[in-house]
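Descriptive analysis of the structure
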Amino acid sequence: KRKNVFIEDSASQGISFEDFMRIIHRSRRQGRDSSLATLVDKVEGKVNSTKGQKIVYGFLIISFLVLVGTSTTIFHYFRCHKFPEAEGGAEAFLRKDYSVDCNGARY
């Protein structure tokens, strides 16, 4: 659980970070924009975009790893093993299933 972070004013009284953010947002809704509110918006935007970027980056890494492994496995099923010594010329069969003729309609 997050600890309350306090911002101290000149009278040594503190407010929580959540209260500070509420005050900034309330003043913006009331039309009292300030450079501090703009700074807070920039920080919030940076934090939110960083989280989103990490999620997208993680998704891309996982999908890349899955895609490479899956594609390699799938393409191995289409590799043929040629037998040049077969009678009638070269014959070819699937490496993963020798009952499938690579020159046949089933392939």
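The written sequence of each chain sets the order in which its residues are numbered from 1. Side-chain atom pairs in this predicted model are given and counted only at pLDDT of 80 or more, local residue features only at pLDDT of at least 70, and totals for whole chains, interfaces and linings cover all residues. With hydrogens and water set aside, each side-chain value is computed from the structure's full complement of heavy atoms.

**Details of the overall build of the protein**
Helices and strands together make up the secondary structure of the protein, namely two helices and four strands. Secondary structure elements are taken from DSSP: a helix is a run of H or I of four residues or more, a strand is a run of E of two residues or more, and numbering for both begins at the N terminus. The order of helices and strands in the protein, counted from the N terminus, is β-β-α-α-β-β. Only protein chains enter the area calculation, which uses a 1.4 Å probe; residues under 20% of their type maximum are buried, those over 50% are exposed, and those in between are partly exposed. Of all 107 residues assigned to the protein, the portion counted as buried reaches 11%. Surface exposure here means Shrake-Rupley accessible area, sampled with a 1.4 Å probe, where a residue is shielded only by the protein chains that are shown. Carbon and sulfur atoms make up 60% of the accessible area of the protein, which amounts to about 9,100 Å² in all.

**Some remarks on the packing of aromatic side chains**
Any two aromatic rings considered together are summarised by their centre-to-centre distance and by the angle between their planes. Two aromatic rings from Phe, Tyr or Trp, using only the six-membered ring of Trp, form a pair when their centres are within 6.5 Å; if the ring planes differ by under 30 degrees the pair is stacked, by over 60 it is edge-to-face, and anything between is tilted. Enumeration over the complete set of coordinates arrives at two aromatic pairs. When the centroid spacing of 6.2 Å and the interplanar angle of 55 degrees are considered together, the rings of Phe-83 and Tyr-98 count as tilted. Taken as a pair, Phe-83 in strand S3 (residues 80-83) and Tyr-98 in the segment after strand S4 (91-94) lie far apart in primary sequence, 15 residues in all. Here Phe-83 falls in the partly exposed class, since its relative accessible area comes to 24%. Taken together, the ring pairs connect Phe-83, Phe-93 and Tyr-98 into an aromatic cluster.

**Quick look at the nonpolar core**
In terms of nonpolar packing, the biggest core is built from five residues, these being Phe-20, Met-21, Ile-24, Ala-37 and Val-40. At the level of secondary structure, the elements contributing two or more residues to this core comprise helix H1 (17-29) and helix H2 (35-76). The greatest single-element share of this core, amounting to three residues, is contributed by H1. Apart from residues lying up to four places away in sequence, Met-21 is in contact with Val-40 and Glu-44. Residues grouped as a nonpolar core are buried Ala, Val, Leu, Ile, Met, Phe, Trp, Tyr and Cys residues, joined through side-chain atoms within 4.5 Å. Here a residue-residue contact requires only that any non-hydrogen atoms of the pair lie within 4.5 Å.

**A look at the state of the cysteines**
When two cysteine sulfur atoms are found within 2.5 Å, that pair is recorded as a disulfide. As enumerated under the stated definition, the model contains one disulfide in all. The side chain of Cys-80 participates in a disulfide bridge whose partner is Cys-102; the two sulfur atoms lie 1.9 Å from each other. Looking along the S-S bond of the Cys-80-Cys-102 disulfide, the torsion reads about -105 degrees, which is the left-handed sense. Linking Cys-80 in strand S3 with Cys-102 in the segment after S4, this pair joins segments that are 22 residues apart in sequence.

**Concerning H1**
Residues lying three or four places apart along an α-helix face the same way, a consequence of the helix completing one turn every 3.6 residues. Under the convention used throughout, the expected extent of a helix is 1.5 Å for every residue step, that is, one less than its residue count. The end-to-end C-alpha separation of H1 is 18 Å, in line with the 18 Å expected for 13 residues at 1.5 Å each. Within H1, burial applies to Phe-20, Met-21, Ile-24 and Ser-27. One side of H1 carries all its buried residues, which in axial view fall inside an arc of 130 degrees. Among the residues trailing H1, Gly-31 stands out with phi positive, at a value near 85 degrees. Here the arc refers to the directions that run from the helix axis out to each C-beta atom.

**Quick word on the confidence of the model for the protein**
Per-chain confidence: the protein averages 77 in pLDDT, with 85% of residues scoring 70 or above. Confidence scores per residue from the predictor, reported as pLDDT, run from 0 to 100. Counting interchain partners and residues more than four positions distant, the pLDDT-below-50 stretch residues 1-10 has 16 contacts.

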